[in-house]
2 protein chains.
Amino acid sequence: MRTTIKDIAAACHVSAGTVDRALNNRPGISEKTRKKVLDAAAEMNYQPDFTARSLVMGRTLTLGVVLFDLYNRSFAQLMNAIEKRARELGYFVYITLTDKNAQNERTCIDYLINRKVDGIILFSVNKGKEFETYLNKLHTPVVTIFNYISSDLEYIGIQERQAMKDAVDYVASKRYSRFIYVSPPLAYSGKSNIYTQEERFQGFLEGIQGHKAADPLVLKGADYLEKLMAYPFNKAEKTAVVCSTDLYALEVMNTLKGIGIAIPGEAGVMGFDDIDMLKYISPRLTTVKYPIVQIGEKAVESLVHKIEQGAFKSVPLLGHEIIKGESI
Amino acid sequence: MRTTIKDIAAACHVSAGTVDRALNNRPGISEKTRKKVLDAAAEMNYQPDFTARSLVMGRTLTLGVVLFDLYNRSFAQLMNAIEKRARELGYFVYITLTDKNAQNERTCIDYLINRKVDGIILFSVNKGKEFETYLNKLHTPVVTIFNYISSDLEYIGIQERQAMKDAVDYVASKRYSRFIYVSPPLAYSGKSNIYTQEERFQGFLEGIQGHKAADPLVLKGADYLEKLMAYPFNKAEKTAVVCSTDLYALEVMNTLKGIGIAIPGEAGVMGFDDIDMLKYISPRLTTVKYPIVQIGEKAVESLVHKIEQGAFKSVPLLGHEIIKGESI
């Protein structure tokens, strides 16, 4: 016969509510009690009955995630963190991918709403009034991450602009007199929500203003590597190539190595993201690190707080730090 | 009143079928028509009625993917490929993660079945008779990938054993007299479905037999790097470290570099996966490449064929090739 919460409660001499708290990792009980309940549940081979539970609670205990793709290595870390935290809080996660297409993103949200998820974590490529109206009509809570949409929507992220400004300050302290900025997604400015890229670019421009440097060369297109190859690097005037993500920085490093430009002797390279693969790559990329796992965890916690308590758990913008590598 | 496909068809002077093709991004219409329909749909605030559509078709037009995690870089490529091909065929994808936990995997499958997905792509950590019985009772088609379960279940993958045997043959051709094999997941042998890891290990053993080499040192635990550091490498007897995945090979390369062992002068390193990040890493890892994107695409195609035509589209095991880098 199937083990129920009542069976576990009887075996442990506690209330059904206490068992529920222990199984779903909610506060309000001691660690000792939690351990006793979990041990008993394992021993009695307890299998949670999600359908019954969601009927009782009037919820589906599922969250949806809408993300454009998984190419950026950070996103894999983000998804793992979201899934893990949601599971700890008793929620199941559906991840959906939009291939950076605004229409696909709407379809993903519609599907998740139709499947009655309790909440959505949204990394949007959409923006604008019409999209905001659509989101506000959903009656399902949404937490936005990375790409900000509006102050009416809960948002979890970092101080993108300040982070890039700090990166430029660090580069400038190493006596670079010329700057190149690499951010191919800026080609989609005005067409797509590229908030993080735009903020990082503004941070770069603000950073540059504070230092004596020639007007920077800004590479916004898919042809950034060709333009880089045509650039007159020279040792007398050291150039820093500041990139909006680590993946572009790695492409830049490969290209510079390919044409025999010494890093950082002739050209410095600055990244942004601190993806975990950097530890295998030489020279160690100097970059900006931010708490990607925490962003995922906080997004889940805020959303679940809204679902269960009626209000989001507001999260201040999270911190960042410069990782001093060997490329600047 | 809710906008219907008929309303859009009337407004654009096209058939309902054409509208359906445009909205669901299917072939068979011109780009001009597609744009006209999508613009009209947006203007008329069309919201697709998934419930109605799936009722008509007797399907939900959704597929579920069950995967353990996204740490291996190849899995991000696999997920992107699955999502893209499914979208092309008119299906929506839910990705679920199990954190390599057998019970979580059952929960994921249960959730997807409760949500009435039309089919499941399963990268399992479960195996055994009881699990097979459970899968066979689902009445929802399942395609297994990478980790084989049984001949009763559709499977898409590569010749793991032969691929590793070919890798060993290649290494042996470079005059290595000693071999180390690295595969920490083998510690879970018998406890978890680690089919691909076990097959690769068998391939390694078969490969070794064909060559004059000392008994290999096999590192199956999480302490593989410590054991590697204690190994007496020397130039007179070149040692090859054959790794079951690129990620372990990258850790091995970092560790060898750290203790001053020249690659491939004193020790060679062989990987398996050909993850896309290798292009940034020096020396270029010698590895085994297989068509990860094709595995994802074929899994979707076979599953959709089963859903729509009643039978899986059987896929022979896919090919592999040795990528000759600089580490062997």
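Residues numbered from 1 in each chain as written. Chains lettered and ligands numbered in written order. Predicted model: local features only at pLDDT ≥ 70, side-chain atom pairs only at ≥ 80, totals over all residues. Heavy atoms only, no water.

A. Main features of the pairing of strand β6 (residues 178–182) of chain A. All names here are of chain A. Counting buried positions along β6 yields 5 of 5 residues, so the element is predominantly enclosed. Here β6 shows two buried faces, one formed by R178, I180 and V182 and the other by F179 and Y181. With 5 bridges joining them, β6 and strand β8 (residues 239–243) adopt parallel strand pairing. Each residue of the ladder has a partner; that of Y181, found in β8, is V242. Pairing of β6 with strand β7 (residues 217–219), which is carried by 3 bridges, proceeds in the parallel orientation. Across the sheet, V182 pairs through a bridge with L219, a residue of β7. (Buried < 20%, exposed > 50% of the residue type's maximum accessible area, 1.4 Å probe, protein only. Helix = DSSP H or I, 4+ residues; strand = E, 2+ residues; numbered from the N terminus. Pairing = 2+ DSSP bridges.)

B. Broad picture of the relation of the copies chain B and chain A. When chain B is fitted onto chain A, the two copies agree to an RMSD of 2.0 Å after a turn of 173° and an axial shift of 0.2 Å. The share of interface residues of chain B whose copies in chain A are also at the interface is 93%, consistent with both copies meeting through the same surface. (Least-squares fit on C-alpha atoms with pLDDT ≥ 70 in both. Contact = heavy atoms within 4.5 Å.)

C. Geometry of the packing of aromatic side chains. Residues and elements named next belong to chain A. In this structure the tally under the stated criterion is 35 aromatic pairs over all chains. Ring centres of Y148 and Y155 lie 5.2 Å apart, and the angle between their planes is 85°; this geometry places the pair in the edge-to-face category. Y148 gets classed as partly exposed once you look at its relative accessible area, which sits at 28%. With a centroid separation of 6.3 Å and an interplanar angle of 65°, the aromatic rings of F179 and F204 are classed as edge-to-face. A residue pair is termed long-range when its members are at least 10 positions apart, and F179 in strand β6 and F204 in helix α9 (residues 195–209) qualify at 25 residues. (Phe/Tyr/Trp six-rings, centres within 6.5 Å; stacked < 30°, edge-to-face > 60°.)

D. Examining the interface of chain B and chain A more closely. Facing 45 residues of chain B, the contacting portion of chain A comprises 46 residues. Overall, the association of chain B and chain A removes approximately 4,300 Å² of surface from exposure, summing both partners, and the carbon and sulfur fraction of that is 54%. Taking the shortest distance from any N to any O, the salt bridge between B:E251 and A:K279 comes out at 2.9 Å. Our enumeration of links across chain B and chain A arrives at 16 residue pairs in polar contact (both at pLDDT 80 or more). Listing elements by their share of the side of chain B that touches chain A, those giving two or more residues are α4 (50–57), α5 (73–88), β2 (92–97), α6 (102–114) and α11 (246–258) of chain B. A class-by-class count of the residues in the side of chain B that touches chain A yields 21 nonpolar, 14 polar and 10 charged. (Buried area = accessible area lost by both parts, 1.4 Å probe. Salt bridge = Lys/Arg side-chain N within 4 Å of Asp/Glu carboxyl O. Polar contact = N/O pair within 3.5 Å; in protein donor to acceptor, adjacent residues only side chain to side chain. Nonpolar A, V, L, I, M, F, W, Y, C, P; charged D, E, K, R; others polar.)

E. Region of interest: the sheet that holds strand β7 (residues 217–219) of chain B. All names here are of chain B. Spatially, the 4 strands line up as an open sheet ordered β7-β6-β8-β9, and their pairing is parallel. The sheet is open, and its two edges are formed by β7 and β9 (267–270), each paired on a single side. In this sheet, neighbouring strand axes are inclined to one another by 20° on average, regardless of whether the strands run parallel or antiparallel. Its contacts with the sheet put helix α8 (residues 160–172) on β6 (178–182), β8 (239–243) and β9, and the angle it makes with β6 is roughly 150°. (Axes fitted to C-alpha atoms, helices over the stretch in contact; angles between N-to-C directions.)

F. Structural view of the nonpolar core. The biggest cluster of nonpolar side chains holds 145 residues, and the ones touching the most others in it are A:M79, A:I145, A:F179, B:M79, B:I145 and B:F179. For A:M79, the contacting residues outside a window of four places in its chain are A:V65, A:L67, A:L70, A:I95, B:L70 and B:L97. (Core = buried A, V, L, I, M, F, W, Y, C linked by side-chain atoms within 4.5 Å.)

G. Expanded view of the sheet that holds strand β9 (residues 267–270) of chain A. All names here are of chain A. The sheet built from 4 strands is open, its strands ordered β7-β6-β8-β9 with parallel pairing. Since the sheet does not close on itself, it has two edges, and those belong to β7 and β9, each with one partner. The mean inter-strand angle of the sheet, taken between neighbouring strand axes irrespective of direction, is 20°. Strands β6, β8 and β9 of the sheet are contacted by helix α8 (residues 160–172), whose axis makes an angle of about 150° with β6. Lying over the sheet, α9 contacts β6, β7 and β8, oriented at roughly 175° with respect to β6.

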